[in-house]
Amino acid sequence: MSKEPVAVVGIGQTRHVAARRDVSIAGLVREAAGRALDDAELTWADVDAVVIGKAPDFFEGVMMPELYLADALGAVGKPMLRVHTAGSVGGSTALVAAGLVAARVHGTVLTLAFEKQSESNAMWGLSLPIPFQQPLLAGAGGFFAPHVRAYMRRSGAPDTVGALVAYKDRRNALKNPYAHLHEHDITLEKVVASPMLWDPIRYSETCPSSDGACAMVLTDRAGAARAPRPPAWLLGGAMRSEPTLFAGKDFVSPQAGKDCAADVYRQAGITDPRRDIDAAEIYVPFSWYEPMWLENLGFAAEGEGWKLTESGVTALDGDLPVNMSGGVLSTNPIGASGMIRFAEAALQVRGQAGAHQVDGARRVLGHAYGGGSQFFAMWLVGSAPPGS
């Protein structure tokens, strides 16, 4: 029996900020979920199941929060699943929800991911004490900076590329009302002059710490037929993982990322990603990961990704726009960051991305990664159902 086609008929986000002190975690997630249901013109009663995800619970200090969020998400008496795959969890959560629809387990599923980082400190939460880790780094940036330096050595990329990515994404964020950072006075010179945090990563080349949530309503073909506006259709989706450390691991271009992308492309019938995909929302928490992931995802040959960035290919008006919404560099509620990439891809093919809409976007990739470049989740959505 073939899989049921999966459609995205509702999308909702909160306004992402440094601290949402006006709401609890329950209030935050209900805000995003309510907006997704409003977009789909559905009610809580129309939802068959809820799939929720977030990053490690110690980021807020509330253990297993899904147990008390059922009421806020209309899930009392309904199936509710929690997903966790570190920073890629927003993408993985959406894929688990899509799998329930594709397998005809449920007709309509609400999926949601969130983080309220203001209630804890993720950077120090990720800095393990001696003797579990050498006292050489602080936060995720300290872990990933050597991998960026390795990419620079391997590719011969000039040290200006990271600043170009950050400048592009922060300008894109000005066109996105939900983005956390709206730096109206941003210039390339200011990015370059910002303090060095983890060589070669500067302050303005890093993601912020955000409070926020993102939700989507996924449904089957019958539900899509009742939708008030054209949906985004899932053309391919996959998850892959690999250990954080193992002999021969390529931190610059992990095999799990390559395998995940290849699976998505196979499902969607993509033979040339650079030609067949119109735009991409890629998980870039530190600016250098744009060229690194462009290579890992098959948009550029090894060592060539930085040239796409430098030549303007990935700009909003470029040949392959990347992170039109401002990306993780402008908005980072960690648990939701991957789902925002997936949701923004869906907004593009629905023609609902507003000022950061890419004209004629028909197939758009959403990408997320997490942990020590070990968890990957991706989906490709299109304006037409699969097989059409």
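Just above, that's the structure.
Reference entry: report on the structure contained in this document. Keep in mind the model is a prediction, meaning the values are calculated, not measured.

About the thresholds
- Residues numbered from 1 in each chain as written.
- Predicted model: local features only at pLDDT ≥ 70, side-chain atom pairs only at ≥ 80, totals over all residues.
- Heavy atoms only, no water.
- Buried < 20%, exposed > 50% of the residue type's maximum accessible area, 1.4 Å probe, protein only.
- Helix = DSSP H or I, 4+ residues; strand = E, 2+ residues; numbered from the N terminus.
- Pairing = 2+ DSSP bridges.
- Phe/Tyr/Trp six-rings, centres within 6.5 Å; stacked < 30°, edge-to-face > 60°.
- Polar contact = N/O pair within 3.5 Å; in protein donor to acceptor, adjacent residues only side chain to side chain.
- Contact = heavy atoms within 4.5 Å.

## Here's the deal with the pairing of strand β2 (residues 49-54)
Regular strands place side chains that alternate from one sheet face to the opposite one.
Piece 1. Burial analysis of β2 places six of its six residues in the buried class, the great majority of the element.
Piece 2. With burial as the criterion, each face of β2 is covered, one bearing Ala49, Val51 and Gly53 and the other bearing Val50, Ile52 and Lys54.
Piece 3. With six bridges joining them, β2 and strand β4 (residues 108-116) adopt parallel strand pairing. In the sheet register, Gly53 faces β4, and the bridge partner there is Ala113.
Piece 4. Sheet topology note: the β2/strand β3 (residues 80-83) ladder contains four bridges and is parallel. Residue Val51 lies in a different strand from β3, and its bridge partner there is Leu81.

## Concerning the packing of aromatic side chains
Piece 1. Summed over the entire model, instances satisfying the criterion amount to 15 aromatic pairs.
Piece 2. Pairing Tyr283 with Tyr369 gives two aromatic rings, centres 5.5 Å apart and planes at 80°, and the pair type is edge-to-face. Here Tyr369 lies in strand β10 (residues 363-370) and Tyr283 lies in the loop between β9 (279-281) and α11 (289-296), a separation of 86 residues in the sequence.
Piece 3. Relative to Phe376, the ring of Tyr369 lies with its centre 6.3 Å away and its plane at 25°, an arrangement referred to as stacked.

## Details of the side chain of Gln13
Piece 1. Inspection of the secondary structure assignment puts Gln13 in strand β1 (residues 7-13).
Piece 2. There is a polar contact of 3.2 Å between the side chain of Gln13 and the side chain of Glu344.
Piece 3. Setting aside anything within four residues of it in sequence, one finds Gln13 in contact with Ala32, Arg35, Tyr178, Ala213, Cys214, Ile340, Glu344 and Leu347.

## Digging into unusual backbone geometry
Piece 1. Look at the link from Asp199 to Pro200: it is a cis peptide, with omega at 10°.
Piece 2. Tracing the backbone shows Pro200 in the loop between β5 (196-198) and β6 (201-202).
Piece 3. Although it is not a glycine, Glu41 sits at a positive phi angle of roughly 55°.
Piece 4. Exposure remark for Glu41: the relative accessible area of 56% places this residue in the exposed category.

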